[in-house]
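Structure at a glance
Now for the letters of each chain:
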Amino acid sequence: MLASLYLLLTLTFAGVLLALLLRPGVARAGAVWGLAALLPLLVACAGALVGQARAARVLAGFDPRPVTITVTNGDTSRSLTLSAGEAACVERAVRLHTRSELLTPGGPVPLLPDTRVTGPLPPQAVVEALGVRGGLSCPGLRALPGETGG
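Not measured: the values here are computed from a predicted model.

Of regular secondary structure, the chain possesses four helices and six strands. Across the chain, helices and strands are ordered from the amino to the carboxyl terminus as α-α-β-β-α-β-β-β-α-β. In summary, the chain has a C-alpha radius of gyration of 23 Å against a globular reference of 15 Å for 150 residues, an excess of more than 25%. The dimensions of the chain, computed from C-alpha atoms along their principal axes, are 75 × 45 × 20 Å. Put simply, the chain has 150 residues, and 27% of those count as buried. Sequence-distant contacts, at least 24 apart, represent 64% of the contacts inside the chain between residues at least 6 apart. Surface accessibility of the chain: about 9500 Å² in total, with carbon and sulfur atoms responsible for 63%. Here the chain carries 12 positive and 8 negative side-chain charges, and the mean point of each set is 16 Å from the other.

Right, here's the structure in full:
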């Protein structure tokens, strides 16, 4: 609802600016400058609110439960039980091929570009919605330095 209000406000200001530009002698430069400067801010606010609303709809159907996954690096496999937040962080790291390691009580588990993860990770849409809503915190995931090429 708030996003619609911002969108309507943005369109109204754009219409006023267009009317002022079509009749150049009517408005002062300060009014035209102010409207032109305000439009990108209104568009950004409307876009952010639409993104927040979309993320809320995606997360409405998400049931955050602990999951058990198996992480395979080469010949080494390790079964882990993760919270929904940790699983979301692992999904993002694996999908983006981010060199990182998951800090677990049994020691760090590397997540490399060739790592295979089997088990029920949250869908990509849920992970992205958590990021948009500010609910994706990954204190148990540490980025590894990238490979240096020569």
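Now that the structure has been shown, the text picks up again.
Now for the confidence of the model for the chain. Model confidence for the chain is summarised by a mean pLDDT of 87, while 97% of its residues fall at 70 or above. Confidence scores differ between elements of the chain, with helix α1 (residues 2-22) showing the lowest mean pLDDT of 84 and helix α4 (residues 124-133) the highest of 93.

Okay, the state of the cysteines next. With the rule as written, the count across this model stands at one disulfide. Note that Cys-89 is cross-linked by a disulfide to Cys-138, the S-S spacing being 1.9 Å. In this structure the cystine formed by Cys-89 and Cys-138 twists about its S-S bond by roughly -90°; its chirality is therefore left-handed. Of this pair, Cys-89 sits in helix α3 (residues 84-95) while Cys-138 is found in the loop between α4 and β6 (141-143), placing the two residues 49 residues apart along the sequence.

Scoring rules and cut-offs
- Residues numbered from 1 in each chain as written.
- Predicted model: local features only at pLDDT ≥ 70, side-chain atom pairs only at ≥ 80, totals over all residues.
- Heavy atoms only, no water.
- Helix = DSSP H or I, 4+ residues; strand = E, 2+ residues; numbered from the N terminus.
- Rg over C-alpha atoms; globule rule 2.2 N^0.38 Å.
- Buried < 20%, exposed > 50% of the residue type's maximum accessible area, 1.4 Å probe, protein only.
- Contact = heavy atoms within 4.5 Å.
- Areas by Shrake-Rupley, 256 points an atom, 1.4 Å probe, with all protein chains shown as cover.
- Lys, Arg positive; Asp, Glu negative; His and termini not counted.
- Charge placed at Lys NZ, Arg CZ, Asp CG, Glu CD.
- pLDDT = per-residue confidence, 0-100.
- Disulfide = S-S within 2.5 Å.

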